[in-house]
Amino acid sequence: SARRSGNVPQGLLDMPSSAQTSSAQFSRSRAKKVTSRRGRDADQSAIDDDDDLDDEAAARDRLGEAKSGVSSAAAIAALIGRSEGDNAGVGLLHGFLNRCCDDLFESYVAGSNYMRAEQAHLKEAFRQMLVPFTRARAERHSSSRGNALLGIFNSVTGGANAAALASGANNVGTASVASGQPAEFEGTVTATTARVLLQVHAEAIARGVELENDGLVTECVASLTSILLSTLGDEYLFPALEDVLESLQDLRQEPDLRTFGIIRVANIVVRLVQMHFQRAIVPFVGASSYVYRDMVAEKNQLMSRVEMSLNLISNKLVGACTQWIMGILAKQRKGDFRPADDDYTAFEMGTQPCRQCADYLHRIERACRQSMGVENQERVLTDVGITLHRMLMEHLRKFVVSVAGGLVLVKDVSKYREAISSFAIPALNEKFSILQDISNIFVVQPAALKSLLDEGPLARLDRATVQGFVQMREDGRTSSLVRQFL
């Protein structure tokens, strides 16, 4: 049996399941929770707190019974093991002691008594750990819905917070009373909390393997795993993903680029689940082909839903960013490319909409580098760059450009090109290199226009596209050399 062999799963955080939080710490943490609830009616608050205390006390009792059972079983198994080999009658004695041990725990594990207690504890432990997240989410929804949802995802992965959370989780799973994790009180989704959820699940599996009948261990692990996957998806990840999508609906506001972090955090959580599945679950369900198949299907379904949600968020975010850039370009004035001869600021720095766009592009690039993997970076930045190129090709054909304005336009395009070059995507560099050649249409002398259009890279462009730019030269209606290209 597992309790004889010591074959119990190790959690991702490798923390002892016997860790306890003192009653004094629990009392102080409860006092903090009570004082933090403001604006409620005093009597109702007292009733709610009493209910919470009763629930948490019941959860602690269930967990205490389970841990006491595990400790007792381990101690008795050790004594029985030491008696083995002491004398010639050891075989009979050893079998007798094993039967006594089984009889001792029979009332606790008979039928489905143990499984009901373990499932109830696991659900309550998960619920308590997610209390700060659900409470902050409810408060955010009750506030002004027009505000961007800032800080929904936080890629906190430090070990110090994880240790603090797990200490509380080992008591009753009350991560809400653990110290050192302010991010959770802001309603963020973190890899740290995901690690602790997986740790609590690993400890539940360890108890199940130790206390459950050998023939029911596989079903026990499968049942506990279903609770884990359901909690991670329906109560933690997907509600937060829905909040992020909602925050991207209002295109009148500048998108919060920290939302790019959602992809990184969600991918970390998915990798943690996969690691946990291989290390803590497969060893106990792999022998049963149908249970293993069902568990893999359930896990893959969670991962597939996460991937679909992230793709939708990524597309929405790219669309929101490009929509914001379009709004900036819409502020371009008709006289920006027909400046006065002494407007040195425009000659040296370009137009204000261009500077704002370039700054925003740099911010997008930094957010992607900080929050996403290489493949996701390239995909998102490519989508932004291609959309920007298409917008600029339309945008620059709306303005009449003077000779001096041609210098301003060249400066603008060089700034766009510089911002796009930071994306480090060759295909985009080529597109904006051609856009730079197009800007030269407005600065060359009429006599040099033919060689520029017929012999250079612009010769590969559609003739109608080139004519659209040529006709926006200020001398397009007066110079015969220019008119021949129209």
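Residues numbered from 1 in each chain as written. Predicted model: local features only at pLDDT ≥ 70, side-chain atom pairs only at ≥ 80, totals over all residues. Heavy atoms only, no water.

Observations concerning the environment of Pro283
So, point 1. Within the fold, Pro283 resides in helix 11 (residues 261–285).
So, point 2. According to the relative accessible area criterion, Pro283 is exposed, its value standing at 51%.
So, point 3. When the C-alpha positions of Pro283 and Thr218 are compared, they lie 9.5 Å apart, and in sequence the two are 65 residues distant. (Helix = DSSP H or I, 4+ residues; strand = E, 2+ residues; numbered from the N terminus. Buried < 20%, exposed > 50% of the residue type's maximum accessible area, 1.4 Å probe, protein only.)

Regarding the state of the cysteines
So, point 1. Counted under the stated rule, the structure contains 0 disulfides.
So, point 2. The structure places no disulfide on Cys321, whose sulfur is separated from the nearest cysteine sulfur, that of Cys368, by 7.9 Å.
So, point 3. Its relative accessible area of 1% is what places Cys321 among the buried residues.
So, point 4. Cys357 forms no disulfide, and the closest cysteine sulfur to it belongs to Cys354, at a distance of 7.0 Å. (Disulfide = S-S within 2.5 Å.)

Focus on unusual backbone geometry
So, point 1. Within the chain, Ala424 stands out as a residue other than glycine whose phi angle is a positive 60°.
So, point 2. For Ala424, the location among the structural elements is in the loop between helix 16 (403–421) and helix 17 (426–439).
So, point 3. Judged by its relative accessible area of 55%, Ala424 is exposed.

A word on the packing of aromatic side chains
So, point 1. All chains considered together, the criterion is met by 2 aromatic pairs.
So, point 2. Note that Lys299 overlies the ring of Phe277, its terminal NZ or CZ placed 5.1 Å from the centroid.
So, point 3. The cationic tip of Arg305 hangs over the ring face of Phe238; the distance from NZ or CZ to the ring centre is 3.8 Å. (Phe/Tyr/Trp six-rings, centres within 6.5 Å; stacked < 30°, edge-to-face > 60°. Lys NZ or Arg CZ within 6 Å of the ring centre and 35° of its normal.)

Overview of the pattern of salt bridges
So, point 1. Enumeration over the complete set of coordinates arrives at 14 salt bridges.
So, point 2. Note that Asp336 is salt-bridged to Arg333, the shortest N-O span being 3.2 Å.
So, point 3. With relative accessibility at 10%, the residue Asp336 sits in the buried group.
So, point 4. You can call Arg333 exposed: its relative accessible area is 60%. (Salt bridge = Lys/Arg side-chain N within 4 Å of Asp/Glu carboxyl O.)

Topic: the environment of Ala358
So, point 1. Looking at where Ala358 falls in the secondary structure, it is placed in helix 14 (residues 352–371).
So, point 2. Along the sequence, Ala358 and Tyr416 sit 58 residues apart, while their C-alpha atoms lie 5.9 Å from each other.
So, point 3. Excluding residues that lie within four positions of it along the chain, Ala358 makes contacts with Lys415 and Ala419. (Contact = heavy atoms within 4.5 Å.)

Some words on the nonpolar core
So, point 1. Formed by 107 residues in total, the largest nonpolar core has its most connected members in Phe260, Ile364 and Ile441.
So, point 2. When residues of this core are assigned to their parent elements, the largest contribution, 16 residues, is made by helix 10 (residues 217–247).
So, point 3. The contacts of Phe260, once residues within four sequence positions are left out, are Leu317, Ile364, Ala367, Cys368, Ser371, Met372 and Val380. (Core = buried A, V, L, I, M, F, W, Y, C linked by side-chain atoms within 4.5 Å.)

Some thoughts on helix 6 (residues 131–142)
Every α-helix carries 3.6 residues per turn, so stepping three or four residues along brings you back to the same face.
So, point 1. Compared with the 16 Å implied by 1.5 Å per residue over 12 residues, the 16 Å span of helix 6 between its first and last C-alpha is a close match.
So, point 2. All of the buried residues in helix 6 are Val131, Pro132, Phe133, Ala136 and Arg140. (Expected span 1.5 Å × (residues − 1).)

Some details on the confidence of the model for the protein chain
So, point 1. With 65% of its residues at a pLDDT of 70 or more, the protein chain has an overall mean of 75.
So, point 2. Per-residue pLDDT stays below 50 along residues 1–49; that stretch engages in 74 contacts with residues further than four places along the chain or on separate chains.
So, point 3. Every residue in residues 144–185 is under pLDDT 50, and counting partners more than four places away or in other chains gives 110 contacts. (pLDDT = per-residue confidence, 0-100.)

Examining the environment of Ser309
So, point 1. By the element assignment, Ser309 lies in helix 12 (residues 289–329).
So, point 2. On a C-alpha basis, the gap between Ser309 and Leu245 in space is 8.9 Å, while along the polypeptide they are 64 residues apart.
So, point 3. Excluding residues that lie within four positions of it along the chain, Ser309 makes contacts with Phe238 and Leu241.

Quick word on the packing of helix 5 (residues 113–129) against helix 10
So, point 1. In the contact formed by helix 5 and helix 10, the axes pass within 11 Å of each other and the chain directions differ by 20°. The pairing of helix 5 with helix 10 is recorded here as roughly parallel in orientation. Relative to helix 10, the crossing made by helix 5 is right-handed. Of the residues in helix 10, those touching helix 5 at Met115, Glu118, Gln119, Leu122, Lys123 and Phe126 are Cys220, Ser223, Leu224, Ile227, Leu228 and Thr231.
So, point 2. Of the residues belonging to the contact of helix 5 with helix 10, the class tally is 7 nonpolar, 3 polar and 2 charged. (Axes fitted to C-alpha atoms, helices over the stretch in contact; angles between N-to-C directions. Parallel < 35°, antiparallel > 145°, perpendicular 65-115°, else oblique. Left-handed = near helix turned anticlockwise from the far one by under 90°. Nonpolar A, V, L, I, M, F, W, Y, C, P; charged D, E, K, R; others polar.)

Things to note about the packing of helix 16 against helix 17
So, point 1. The contact between helix 16 and helix 17 brings their axes to 9 Å, and the two run at 175°. Judged by the angle between their axes, helix 16 and helix 17 are roughly antiparallel. In this structure, helix 16 uses Leu409, Val410, Val413, Ser414, Tyr416, Arg417, Ile420 and Ser421 to contact helix 17, whose residues at the interface are Leu428, Asn429, Phe432, Ser433, Leu435, Gln436 and Ser439.
So, point 2. Its residues assigned to classes, the contact of helix 16 with helix 17 shows 8 nonpolar, 6 polar and 1 charged.

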